[in-house]
Amino acid sequence: MGLRTALFSRTQPGGVFTFDDLAEHPGNIWFVDASAAGAGNTVGHGQSPDSPFSTLAYAFSSDLMASGDVVYVLPGHTESISAAGTITMDIAGVTVIGLGYGSKRPVLTWTATDATIAISAAAVRLKNILTEVTIDEVVSMFNVTGPWVEFDRVDFRLNTSAEEAIQFILASAAATDLWVHHCRHHQATAAAANASWIDFIGARTIIEDNVFDIELTNSASSKILANGTAAIGLVISRNRIFAISAGAIPISCHASSEGIATDNRVVSTGTLAGKIA
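Now for a quick tour of the structure. Being a predicted model, the structure only gives us computed values, none of them experimental.

The rules behind each value
- Residues numbered from 1 in each chain as written.
- Predicted model: local features only at pLDDT ≥ 70, side-chain atom pairs only at ≥ 80, totals over all residues.
- Heavy atoms only, no water.
- Core = buried A, V, L, I, M, F, W, Y, C linked by side-chain atoms within 4.5 Å.
- Buried < 20%, exposed > 50% of the residue type's maximum accessible area, 1.4 Å probe, protein only.
- Helix = DSSP H or I, 4+ residues; strand = E, 2+ residues; numbered from the N terminus.
- Contact = heavy atoms within 4.5 Å.
- 1 Å grid on protein atoms, 1.4 Å probe; cavity = no way out; pocket = protein on both sides within 12 Å on 5 of 7 lines; lining within 4 Å.
- Points joined across faces, edges and corners; volume = space filled by probe spheres on them.
- Nonpolar A, V, L, I, M, F, W, Y, C, P; charged D, E, K, R; others polar.
- Phe/Tyr/Trp six-rings, centres within 6.5 Å; stacked < 30°, edge-to-face > 60°.
- Patch = residues over 30% accessible without salt bridge, like charges linked within 9 Å, V, L, I, M, F, W, Y side chains within 5 Å.
- Areas by Shrake-Rupley, 256 points an atom, 1.4 Å probe, with all protein chains shown as cover.
- Salt bridge = Lys/Arg side-chain N within 4 Å of Asp/Glu carboxyl O.
- Polar contact = N/O pair within 3.5 Å; in protein donor to acceptor, adjacent residues only side chain to side chain.
- Pairing = 2+ DSSP bridges.

Here the focus is the nonpolar core. Counting residues in each nonpolar core, the largest one holds 62 residues, and the members touching the most others are L56, W110, I119, F142, F151 and L225. Ranked by residue count, the leading element in this core is helix α1 (residues 56–61), at 5 residues. Once residues lying within four places of it in the same chain are set aside, the contact partners of F142 are W110, I117, I119, L126, T131, F151, V154, F168, I169 and L170. Ranked by size, the runner-up nonpolar core spans 6 residues in total, among them I29, V70, Y72 and L74.

Here you go:
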């Protein structure tokens, strides 16, 4: 019997010779790093960390990628989100992984109130990315309409006390099987508008193992986790939520939604609304 291994070797055109784990890299490997001397947004870039793409936006808009591809965003990369759909993730099955730890991870910065990252394709995965805003009242940072989207350690940090976001994720009914986990979000000053930090109505949404420390307006219309339309198969589990505001609602689910909410810890002077039956 011949030897079998999950590892295989390959050389990408214009890239580096590698040994890969097929389970981790079923497709091509791409690199993004605006700080690299050899970076550029042309067809000849992206397949080596020495000549990466300059922006994640171009990596998707180039249409060079396909399902199963992995994009590594290198430590020190910064990218501005300045308009609606600045980055449009419309290629199914692509995984975006930020390299580095803490503040040394890639940073995506929202610079306009209507700026968004649009995720319309299925099975897009985002991992280990740091996000922030540098303008007050960013309406909605991520607009998710594709199913099976994953946010893994996609963190939000406060840039200054005068610059806040109103909403982190707006997920439509088509965004079924959304999975948000191991994210840490901190915003110590409330936005002027009522917040709906993560707004989800897609079936089988899972939100687990996150820390949300978000200051809210003193209104029952302000929520951290908001499910306003009935959905089935919801899981809200092991989240740690700090939402200090007398009138705000940390977790709000539609009365006809079905699923499970378990082992969440909430610090708030507000109340919980609705139910998951």
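Time to look at the layout of surface pockets. Where empty space is left in the structure can be found by rolling a water-sized probe over the atoms. Volume-wise, the largest pocket comes out at about 340 Å³. Lining the largest pocket are 18 residues, with G102, R105, L130, D155 and R184 positioned closest to its centre. Among the secondary structure elements, those contributing two or more residues to the lining of the largest pocket are β10 (125–133), β12 (150–156), β15 (184–187) and β18 (211–214). Across the lining of the largest pocket, the residue classes tally to 5 nonpolar, 6 polar and 7 charged.

Bringing the packing of aromatic side chains into the picture now. Per the stated rule, a full pass over the model turns up 10 aromatic pairs. Relative to W197, the ring of F168 lies with its centre 5.9 Å away and its plane at 20°, an arrangement referred to as stacked. You can see F168 sitting in the loop between β12 and β13 (169–171) and its partner W197 sitting in strand β16 (residues 196–200), a full 29 residues away along the chain. Of the two residues, F168 and W197, both sit in the buried class. An aromatic cluster is present here, built from W110, F142, F151, F156, F168 and W197 joined pairwise through their rings.

On the surface, V211, F242 and V267 cluster together into a nonpolar patch covering about 210 Å² of accessible area. In this fold, V267 is placed in strand β24 (residues 265–267).

In this fold, D155 is placed in strand β12. For D155, a relative accessible area of 8% puts it in the buried group. Within polar-contact distance, the side chain of D155 engages the backbone nitrogen of R184 at 2.9 Å. Setting aside residues no more than four positions away along its own chain, D155 makes contact with R105, I129, L130, T131, H182, C183, R184 and H185.

All right, on to unusual backbone geometry then. One non-glycine residue, D177, lies in the positive phi region at around 60°. When you line up the elements, D177 lands in the loop between β13 and β14 (179–181). With a phi close to 60°, D263 is a non-glycine residue in the positive phi region. By the secondary structure assignment, D263 is in the loop between β23 (259–262) and β24.

What follows covers the pairing of strand β20 (residues 234–237). A regular strand places its side chains on the two faces of the sheet in alternate fashion. Alignment of strand β17 (residues 206–208) against β20, held across 3 bridges, turns out to be parallel. Counted as the bridge partner of E208 is S237 from β20. Where β20 meets β23, 4 bridges bridge the pair, whose relative direction is parallel. Paired with S237 across the bridge in β23 is T262.

Okay, the pairing of β12 next. Judged by how many residues are buried, β12 sits mostly within the fold: 6 of 7 residues are covered. For β10 and β12, the ladder comprises 6 bridges, and the chain directions are parallel. Bridge pairing in β12 links L130 to D155. Here β12 pairs with β14 via 3 bridges, running parallel.

Opposite charge on two side chains permits them to pair, given that their charged atoms come into close proximity. All told, the structure shown has 8 salt bridges when counted by the stated rule. For D177, the salt bridge goes to R204, with nearest N and O atoms at 2.8 Å. Of this pair, D177 sits in the loop between β13 and β14 while R204 is found in the loop between β16 and β17, placing the two residues 27 residues apart along the sequence. Overall, D177 belongs to the buried group, its relative accessible area being 9%. Of the charged contacts, one joins R238 and D209 as a salt bridge, the two residues approaching to 2.7 Å between their closest N and O atoms. With R238 in the loop between β20 and β21 (240–242) and D209 in the loop between β17 and β18, this pair connects stretches of sequence that are 29 residues apart. A residue is classified by how much of its surface remains accessible, and R238, at 34% relative accessible area, is partly exposed. Beyond isolated ion pairs, a larger network of salt bridges with shared partners links E208, D209 and R238.

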